[in-house]
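Structural description and commentary
Spelled out, the chains give:
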Amino acid sequence: MNLLIAALGVLGVASSGPLIAGTLGATSVTALAIAFWRNALAAVIMAAPVAIKEPRQFAQITRRELGWSVVAAVALAFHFACFITALQLTSVAAATALVCLQSAWIAVFQLFRGTRHRWPVLAGLGIAFAGVVAITGFDMGSSPEALLGDILALAGGALAGLYTLAGGKARQSMGIGTYTALCYGMCAALVAVMALVGGQQLTGFDAGGWLGILAITVCAQLVGHTAFNHLLATMSPLVVSMIILLEIPGAAVLAAVFLAEALPAGIYAGLGLILAGLTVVVAGQRRDRAEAHRREAELGTD
């Protein structure tokens, strides 16, 4: 069952970039409107079954669960603001690859917390960030807008890493419906404030715009994000992040087919480096965890 959920999640998140870019390019929909409606609609849809069947779950949310959910919601809101804006400035393939660096950012966050990674993890980080240099180098030569889009996508990746870590903490004791309804709802509220401050409209779009928002909500939010939030209950954030890596080639293929997006060979080389580096990072971290468990078991037998 987890394999099917993971496959649906990958397909959902891979469609996110092409759908968002297509909607922004063909309609009057704003970046923050997409972020608001995909979270607001998903929050209502995910909250309804819980409110009907187990309404007490919302009243039983602990302070710890609320705290981690707030951190996840804030990170998710700014992640969307960065990523969706980046899709207006740089290519879908580049923005998706850069934002998928969340597993690398998780490893970096762990370094700051005192975790000592083995050399494969550090080597993987080096390979992945070499891919970042390749992509941003080509975009720097093409236009300042593309470079700004790359920077926003990088920030979006860091925020996605924080969202994944916080979500993993919250999901240790929260049901999927309760957590996603709370996280998406708070995220939507924060995005609405950001739209108000930034002067971006949230309504008044044509039928094509609303259709795009609905498609993004169903495919990327309800199928993609919710699938991975479900997996966080049974898999570590690192394993989930590794599965999400398949979004990189998936989004590139979808953008090429449906948006006719053609990129310089150097950009595709950068995408390959990021994918290879992140694979090494996550695989190395899994070995670190296995080694730590082995040592704990050995100490327990002494």
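Residues numbered from 1 in each chain as written. Predicted model: local features only at pLDDT ≥ 70, side-chain atom pairs only at ≥ 80, totals over all residues. Heavy atoms only, no water.

**Quick word on the overall build of the protein chain**
Helix and strand counts for the protein chain stand at 13 helices and zero strands. Listing each helix as α and each strand as β along the protein chain from the N terminus yields α-α-α-α-α-α-α-α-α-α-α-α-α. The C-alpha extent of the protein chain, read off along each of the three principal axes, is 70 × 55 × 35 Å. Taking all 302 residues of the protein chain together, 50% fall into the buried category. (Helix = DSSP H or I, 4+ residues; strand = E, 2+ residues; numbered from the N terminus. Buried < 20%, exposed > 50% of the residue type's maximum accessible area, 1.4 Å probe, protein only.)

**Remarks on the packing of helix H4 (residues 63–86) against helix H8 (residues 144–170)**
Look at H4 against H8: their axes get within 7 Å of each other, and the N-to-C directions meet at 160 degrees. Between H4 and H8, the crossing angle belongs to the class labelled roughly antiparallel. Seen along the crossing, H4 lies across H8 with a hand that is left-handed. The class makeup of the residues in the contact of H4 with H8 is 17 nonpolar, six polar and three charged. (Axes fitted to C-alpha atoms, helices over the stretch in contact; angles between N-to-C directions. Parallel < 35°, antiparallel > 145°, perpendicular 65-115°, else oblique. Left-handed = near helix turned anticlockwise from the far one by under 90°. Nonpolar A, V, L, I, M, F, W, Y, C, P; charged D, E, K, R; others polar.)

**Details of the confidence of the model for the protein chain**
Summarising the model, the protein chain shows a mean pLDDT of 85, and 93% of its residues fall at 70 or more. Per-residue pLDDT, averaged within each element of the protein chain, yields its smallest value for helix H13 (residues 265–300) (70) and its largest for H4 (95). Low pLDDT, under 50, characterises residues 296–302; the predicted model gives this stretch zero contacts beyond four residues in sequence or across chains. (pLDDT = per-residue confidence, 0-100. Contact = heavy atoms within 4.5 Å.)

**Considering the nonpolar core**
Formed by 86 residues in total, the largest nonpolar core has its most connected members in Leu101 and Ile274. When residues of this core are assigned to their parent elements, the largest contribution, eleven residues, is made by helix H2 (residues 31–53). (Core = buried A, V, L, I, M, F, W, Y, C linked by side-chain atoms within 4.5 Å.)

**So, unusual backbone geometry**
Unusually for a residue other than glycine, Ala260 sits at a positive phi of about 55 degrees. Within the secondary structure, Ala260 sits in the loop between helix H12 (247–258) and H13. The exposure class assigned to Ala260 is exposed, which follows from its relative accessible area of 63%.

**So, helix H1 (residues 2–26)**
With 25 residues, H1 extends 36 Å between its outermost C-alpha atoms, agreeing within 8% with the 36 Å of an ideal straight helix rising 1.5 Å per residue. Maximum bend of H1: about 30 degrees, positioned at Ser16, with proline Pro18 one to four residues after it. (Expected span 1.5 Å × (residues − 1). Bend = angle between axes of the 7 residues up to and from the residue.)

**A look at the environment of Phe258**
The topology assignment puts Phe258 in helix H12. For the pair formed by Phe258 and Gly22, sequence separation is 236 residues and the distance between their alpha carbons is 8.9 Å.

**A few points about the packing of aromatic side chains**
All chains considered together, the criterion is met by five aromatic pairs. In textbook terms, an aromatic cluster arises when at least three aromatic residues are bridged by ring pairs, as seen for Phe36, Trp37, Phe205 and Trp210. (Phe/Tyr/Trp six-rings, centres within 6.5 Å; stacked < 30°, edge-to-face > 60°.)

**Description of the side chain of Thr178**
Relative to the assigned elements, Thr178 resides in helix H9 (residues 176–198). Among residues more than four places away in sequence, those in contact with Thr178 are Val50, Gln57, Phe58 and Ile61.

**Quick word on the environment of Asn39**
Looking at the element boundaries, Asn39 is found in helix H2. Given a relative accessible area of 0%, Asn39 falls into the buried group. Separated by 245 residues in sequence, Asn39 and Gly284 place their C-alpha atoms 33 Å apart.

**Digging into the state of the cysteines**
Taken as a whole and assessed by the stated rule, the structure comprises zero disulfides. The closest cysteine sulfur to the non-disulfide-bonded Cys187 is located on Cys183, 6.4 Å from its own sulfur. Residue Cys187 is classed as buried on the basis of its relative accessible area of 0%. (Disulfide = S-S within 2.5 Å.)

**A few points about the environment of Ala207**
Topologically, Ala207 is positioned in helix H10 (residues 207–231). For Ala207, a relative accessible area of 66% translates into the label exposed. Once the C-alpha coordinates of Ala207 and Thr27 are considered, the two residues, 180 residues apart in sequence, prove to be 9.1 Å apart.

**With respect to the side chain of Glu65**
As for its position among the elements, Glu65 is in helix H4. Among buried Asp, Glu, Lys and Arg side chains, Glu65 stands out as unpaired, with Arg64 the closest opposite charge at 5.6 Å. Engagement of the side chain of Glu65 in a polar contact is seen with the backbone nitrogen of Thr62, the distance being 3.0 Å. Side-chain polar atoms of Glu65 contact the side chain of Ser173, separated by 2.7 Å. The residues touching Glu65, leaving out its near neighbours within four places in the chain, are Gln60, Ala170, Ser173 and Met174. (Lys, Arg positive; Asp, Glu negative; His and termini not counted. Salt bridge = Lys/Arg side-chain N within 4 Å of Asp/Glu carboxyl O. Polar contact = N/O pair within 3.5 Å; in protein donor to acceptor, adjacent residues only side chain to side chain.)

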